[in-house]
Amino acid sequence: MPAYVIAHLQESAPHPEIAEYIERITDTFEPYGGRFLVHAAQHEVKEGAWPGHVVVISFPSMDAARTWWDSPAYQELAPLRSRHIEGDIILVPGVPEDYDAADTGRAMRESLPAG
């Protein structure tokens, strides 16, 4: 099942270390089957506030995403970003191809107290 690294990164001033991070990051995740799904794109906020930027990287599995995150190559590179950009980063599993949200809704409804 696929997994995703999702980053919500705040605006930052341009910096040579950020440029280096962007130039080198792909080489750290490709060996684990990672690829950008969203990067350096304008987003459109429909509800709430979402300042900054969104990055989404897909991996073939949560194990692959975790292995990349913990890899020496990425851990060496990560401070180039984290010294200059604040943000939130999560690893999240995707759903199976046959996932049906209606099934989840029915299960939720069945677990509600009667009334």
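Residues numbered from 1 in each chain as written. Predicted model: local features only at pLDDT ≥ 70, side-chain atom pairs only at ≥ 80, totals over all residues. Heavy atoms only, no water.

Caption draft 1: How the structure looks around the overall build of the chain. On a plain count of helices and strands, the chain comes out with four helices and four strands. Listed N to C, the secondary structure of the chain is β-α-β-β-α-α-β-α in terms of helices and strands. A principal-axis box enclosing the C-alpha atoms of the chain has dimensions of 60 × 35 × 20 Å. Taken over 115 residues, the chain has a buried fraction of 26%. Sequence-distant contacts, at least 24 apart, represent 77% of the contacts inside the chain between residues at least 6 apart. Of the roughly 8000 Å² of accessible surface on the chain, 55% is carried by carbon and sulfur atoms. Separation between the mean location of the 8 positive side-chain charges and that of the 18 negative ones in the chain comes to 3 Å. (Helix = DSSP H or I, 4+ residues; strand = E, 2+ residues; numbered from the N terminus. Buried < 20%, exposed > 50% of the residue type's maximum accessible area, 1.4 Å probe, protein only. Contact = heavy atoms within 4.5 Å. Areas by Shrake-Rupley, 256 points an atom, 1.4 Å probe, with all protein chains shown as cover. Lys, Arg positive; Asp, Glu negative; His and termini not counted. Charge placed at Lys NZ, Arg CZ, Asp CG, Glu CD.)

Caption draft 2: Spotlight on the sheet that holds strand β3 (residues 53-59). One open sheet accounts for four strands, arranged β2-β3-β1-β4; its pairing is antiparallel. At either margin of the open sheet sits one strand with a lone partner, and together these are β2 (35-38) and β4 (87-93). Averaged over all pairs of adjacent strands, the angle between their axes in this sheet comes to 25°, without regard to strand direction. Where strand β1 (residues 3-9) and β4 come together, seven bridges link them in antiparallel fashion. Its bridge partner being in β4, His8 is matched across the sheet by Asp88. Packed onto the sheet, helix α1 (residues 16-29) meets β2 and β3 and runs at close to 120° relative to β2. (Pairing = 2+ DSSP bridges. Axes fitted to C-alpha atoms, helices over the stretch in contact; angles between N-to-C directions.)

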